[in-house]
Amino acid sequence: MGAIWGDMDNDGDEDLFLYRWGTPTVYENMGDESFFRMVANNGLPRHVNANTALWTDVNRDGILDLFLGGYYHEDVNLFHVTSTRLMPDSYEYATNGGLNYLFLGRGDGTFEDVSKEFGIQVDRRWTLASTAADLNNDGYPDLILANDYGVDQIFINEEGRQFRESGEEMGIGFAPKSGMSASVADLYGTGVYSIYISNISEPGVLMQGNNLWVATGKREEVPSYQNIAGSVGVERGEWGYGGLLTDLNNDGYPDLYLANGYISDEPGTDYWYDYAKVVGGHKEIIIDAKNWPAMNGRTFSGYQRNKIWLNSGSGKFREVGAAVGGTEITDSRAVAMIDLHKDGSQDLVVANQHQPVLVYHNHQEPDRKWIGFRLEGSQSNRSAIGAEVLIHWDQRVSRQTVHGGNAFSSQSQRALLFGLHDTKTVERAEIRWPSGVVQILNEPETGTYHTVLEPSSLNGSRLLDVSRPSDGATTSNESYSPDAIKTSILPTPSNL
Ligand SMILES: [Ca+2]
Ligand SMILES: [Ca+2]
Ligand SMILES: [Ca+2]
Ligand SMILES: [Ca+2]
């Protein structure tokens, strides 16, 4: 289902974690162009029907930990089915999915299962996607889970010792849908993360709509979220999979790429009627695969074009996919961002079911400015996963985090890239390392990637004191109201 890279033993080589409906597997990079497949006594379970995983240092000890999300119950082996009662027991509040796991890394490629003690294994939702970001600004990465057949969840990290499921408290734990992907971004240059979760919409049959959760309230508080997807125009995504928030036109505002399309088979046929009958049925109907009619080559939310929504910066998004070269009709699943030519332009890689992978080269307006940061931890994990960069420019702040897994079954490049529109200078960049060290780069040069090594001492930097907000964006007491962006008018983009 997916693969994520991270330096689990901090030796400078990227190690690989591969997750699937089967045995989760760690491949240690031996540094000599070979990998060692670690299968036994590594602390990981033998069988998980995993659909999502993240490298993340939850306790900030400098060693990468692993989050692993289960989809089907772990007693189910889809390659040797012993019972047909393996489907969800409800379309909206399913309670029989796979367990989720959290493993603390020991730094030698072995792991300690702390799923129960850390409050991760609290239910059996059907988790399809996950991402990690510090939502409440306490320095610890929190977990955002997109769940199929139910509500989404936020697990707030309580100082690296435990997680507290806070979805309802934070406003996202209602309205069950088919969560397929989770992505965060500072959408409006406020230093606050919004969350995008893709779902399913099929006109005339099922209109869940996708969720764009924006934070309300003061920045120093635990945020609560409000879904503004409908009012800003990113709700209708058909059968959505990977939804990635990333700035595609370097205007400083993250845009949205949505991979969609489930099964494009026999044209003119449709599985939806049979599907709707089953999922609308009693628990005993939906749970048993023998009640699900055979698809017999029928199309099921197929022949869909992926979406590219440009963020106007003032609230609204505009769908421009076909106009900018995204015309393919594909059954798309994962999408990842990588700057292939290192020219400050985010290219896209899209994985498709039963179809070739597509690579989109992103041609920018030549005068668009940008700045990039390639981070390497010393006290923090060497991959710098969980590190954040906040750039202060043009009277605003833009914030990004280094992800160890993101969206649907994907991981984007870890170097952070910020679009600056036509602004030539950045006042300063603030790097918040997972160790707590905050490093300031004054007036960093634009138009280049800065390779930044985490300072090994506190010379020129300081420890992050979360009880006293630091300068700049996080000190602001101004409240952030999504109403302000709802009422703004969509400007005509001068270019795409
Ligand atoms: Ca390594
Ligand atoms: Ca750790
Ligand atoms: Ca946090
Ligand atoms: Ca943009």
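About the criteria used
Residues numbered from 1 in each chain as written. Chains lettered and ligands numbered in written order. Predicted model: local features only at pLDDT ≥ 70, side-chain atom pairs only at ≥ 80, totals over all residues. Helix = DSSP H or I, 4+ residues; strand = E, 2+ residues; numbered from the N terminus. Rg over C-alpha atoms; globule rule 2.2 N^0.38 Å. Pairing = 2+ DSSP bridges. Axes fitted to C-alpha atoms, helices over the stretch in contact; angles between N-to-C directions. Buried ≥ 20, exposed ≤ 12 C-beta atoms within 10 Å, placed from the backbone. pLDDT = per-residue confidence, 0-100. Contact = placed C-beta atoms within 7 Å.

### A word on the overall build of the chain
1) Next: The number of helices and strands found in the chain is four helices and 34 strands.
2) Next: Its C-alpha radius of gyration of 22 Å places the chain within 12% of the 23 Å reference for a compact globule of 496 residues.
3) Next: Along the longest, intermediate and shortest principal axes, the C-alpha atoms of the chain span 65 × 55 × 45 Å.

### Side note on the sheet that holds strand S23 (residues 317-319)
1) Next: Strands sit in the order S20-S21-S22-S23 across an open sheet of four strands; the sheet is antiparallel. In the strand order of this sheet, the two ends are held by strand S20 (240-246) and S23, each with one partner. In this sheet, neighbouring strand axes are inclined to one another by 20° on average, regardless of whether the strands run parallel or antiparallel.

### Concerning the pairing of strand S18 (residues 211-216)
1) Next: Burial runs high along S18: five of the six residues are buried.
2) Next: Note: strand S15 (residues 194-198) against S18, three bridges, orientation antiparallel. Each bridged residue has a counterpart across the sheet, and for Tyr196 the counterpart in S18 is Leu212.
3) Next: Of the pairings in the sheet, the one linking S18 to strand S19 (residues 224-227) comprises four bridges and is antiparallel in character. Counterpart to Val214 in the pairing with S19 is Gln226.

### Topic: unusual backbone geometry
1) Next: One non-glycine residue, Tyr303, lies in positive phi territory at about 55°.
2) Next: Along the polypeptide, Tyr303 turns up in the loop between helix H3 (283-286) and strand S22 (307-311).
3) Next: With phi around 55°, His421 is a residue other than glycine that occupies positive phi space.
4) Next: Locating His421 in the fold gives a position in strand S30 (residues 416-421).
5) Next: Judged by the 18 C-beta atoms lying within 10 Å of it, His421 is partly exposed.

### What about the confidence of the model for the chain?
1) Next: Predicted confidence across the chain gives a mean pLDDT of 91, with 91% of residues reaching 70 or more.
2) Next: Here residues 465-496 is a poorly scored stretch, pLDDT under 50, and it has 52 contacts once near neighbours within four places are set aside; other chains count.

### Considerations on the environment of Asp251
1) Next: Relative to the elements of secondary structure, Asp251 occurs in the loop between S20 and strand S21 (255-260).
2) Next: For Asp251, a count of 22 C-beta atoms within 10 Å puts it in the buried group.
3) Next: Residues contacting Asp251, with those up to four places away along its chain left out, are Gly313, Gly419 and His421.

### A word on the environment of Met337
1) Next: Position of Met337 among the secondary structure elements: in strand S24 (residues 332-338).
2) Next: Sequence separation between Met337 and Asp15 is 322 residues, and the spatial gap between their C-alpha atoms is 20 Å.
3) Next: The residues contacting Met337, other than those within four sequence positions of it, are Leu244, Thr246, Gln346, Leu348, Ser412 and Gln413.

### Observations concerning the sheet that holds S24
1) Next: Reading across from one edge, S24-S25-S26 is the order of the three strands in this open sheet, with antiparallel pairing throughout. Lying at the two open borders of the sheet, with one neighbouring strand each, are S24 and strand S26 (355-360). Taking the axes of each pair of neighbouring strands and ignoring which way they run, one obtains an average angle of 15° across the sheet.
2) Next: Two elements, strand S25 (residues 347-352) and S26, share four bridges in a ladder whose sense is antiparallel.

### Some remarks on the environment of Tyr241
1) Next: Within the secondary structure, Tyr241 is located in strand S20.
2) Next: Those residues in contact with Tyr241 that sit more than four places away from it in its chain are Met180, Ser181, Ser198, Ala259, Asn260, Ser332, Arg333 and Phe408.

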